[in-house]
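Here's the letter readout for the chains.
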Amino acid sequence: MTFQCCGLIPVYNHPDAIAGVVQGVLAAGLPVILVDDGSAAICRDVLVKLAAGDERIHLHQLPHNLGKGGAVKAGLRVARDLGYSHALQIDADGQHDARDIPSLLAFGRRHPTAIISGHPDYDDSVPALRYYSRYLTHVWVWINTLSLRIRDSMCGFRVYPVVPCCQLLESGFTGDHMDFDTEVLVKWQWAGGEILQLPVRVCYPTDGVSHFRGWQDNWLITRMHTRLFFGMLVRLPGLLSRRLSFGNRQGRIGW
């Protein structure tokens, strides 16, 4: 697979941080697709100016807010239509360190059919509640994949192979909000896709804005885990067979 990658940044009301994130992606040698997820005028104006001032930036404006997952899915379709083979997703709030982009890209070039996902290495800015609550999702992912191979499914700093990911997304439902990052990895693994992870630096966030919606997003994540659990039960014989086959190739039975 030819490796031609763009940066993909879903944006919803991060007017203060977005210019720095864009410059970090451009400095890594990637053109940028900005997906404006129905931002307010102050952020929308910043995005328009960024795109107008640099031909390497493509601005795709959604008519209303879809949620992070909806914006990423829209951006992947734009990347496909523009002819990119891969897209590097990075959050707009500046929590991801652009200095890690070359490592993700190098991994992507070596493994072009895999999703390359960051495994967060947090600094002291991470809220304790968010840090420890992630482990509940980790446990459910391990249950729903019958595997420990996905160490972290919530990090939105990753490289997608565009065409197969679009095919996966068009084949069934995935969430449009904070549930997307986890759900797409589980369904990718169910489909036999490879997921490789490497450490990335994470801080919280440069502009002090989080769009995690408390009860709403926790409810959507709970519904997602329920969907995935019943989906795992349907696929249980195949997942067990794959698990045993992998264990035998490794000279052992287990996770």
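Look up: the structure comes first, before these words.
Attention here is on the structure that accompanies the text.

Here we look at the nonpolar core
(1) Moving on: Ranked by size, the top nonpolar core spans 35 residues in total, and within it Leu8, Ile33, Leu76, Ala79, Ala87 and Tyr160 carry the most contacts.
(2) Moving on: Leave out the neighbours within four places in its chain, and Leu8 touches Ile33, Val35, Val72, Gly75, Leu76, Ala87, Leu88, Gln89 and Ile90.
(3) Moving on: Membership of the second largest hydrophobic core comes to 34 residues, among which are Val21, Leu104, Phe107 and Leu198.

Describing the packing of aromatic side chains
(1) Moving on: All told, the structure shown has 2 aromatic pairs when counted by the stated rule.
(2) Moving on: Arranged with centres 6.0 Å apart and planes meeting at 80°, the rings of Trp140 and Phe229 form a pair that is edge-to-face. With Trp140 in helix H5 (residues 128-145) and Phe229 in helix H8 (residues 215-234), the pair connects residues that are 89 residues apart, well separated along the chain.
(3) Moving on: Residue classification places Phe229 among the partly exposed positions, given a relative accessible area of 26%.
(4) Moving on: Between Phe229 and Phe230, the aromatic rings sit 5.6 Å apart at their centres with planes inclined by 75°, giving edge-to-face as the arrangement.
(5) Moving on: Among the aromatic residues, ring-to-ring pairing joins Trp140, Phe229 and Phe230 into one connected group.

Quick word on unusual backbone geometry
(1) Moving on: If you check the backbone angles, Asn13 has positive phi at about 60° while not being a glycine.
(2) Moving on: With respect to the helices, strands and loops of the structure, Asn13 is situated in the loop between strand E1 (5-11) and helix H1 (18-27).
(3) Moving on: Residue Leu146 is not a glycine yet carries a positive backbone phi of 50°.
(4) Moving on: Along the chain, Leu146 falls in the loop between H5 and strand E6 (158-161).
(5) Moving on: Using a relative accessible area of 14% as the deciding quantity, one classes Leu146 as buried.

Brief notes about the environment of His177
(1) Moving on: Its location among the elements puts His177 in the loop between helix H6 (162-170) and helix H7 (180-190).
(2) Moving on: In this structure, the C-alpha to C-alpha distance between His177 and Gly67, residues 110 residues apart in sequence, is 4.5 Å.

Quick look at the pairing of strand E3 (residues 57-61)
(1) Moving on: By the bridge criterion, 5 bridges tie strand E2 (residues 32-36) to E3 in an arrangement that is parallel. When the sheet's bridge partners are listed, Val32 is paired in E3 with Ile57.
(2) Moving on: Handedness of the crossover joining E2 and E3 through helix H2 (residues 41-52) is recorded here as right-handed.

How each quantity is defined
- Residues numbered from 1 in each chain as written.
- Predicted model: local features only at pLDDT ≥ 70, side-chain atom pairs only at ≥ 80, totals over all residues.
- Heavy atoms only, no water.
- Core = buried A, V, L, I, M, F, W, Y, C linked by side-chain atoms within 4.5 Å.
- Buried < 20%, exposed > 50% of the residue type's maximum accessible area, 1.4 Å probe, protein only.
- Contact = heavy atoms within 4.5 Å.
- Phe/Tyr/Trp six-rings, centres within 6.5 Å; stacked < 30°, edge-to-face > 60°.
- Helix = DSSP H or I, 4+ residues; strand = E, 2+ residues; numbered from the N terminus.
- Pairing = 2+ DSSP bridges.
- Right-handed = clockwise from strand over helix to strand, strands pointing away.

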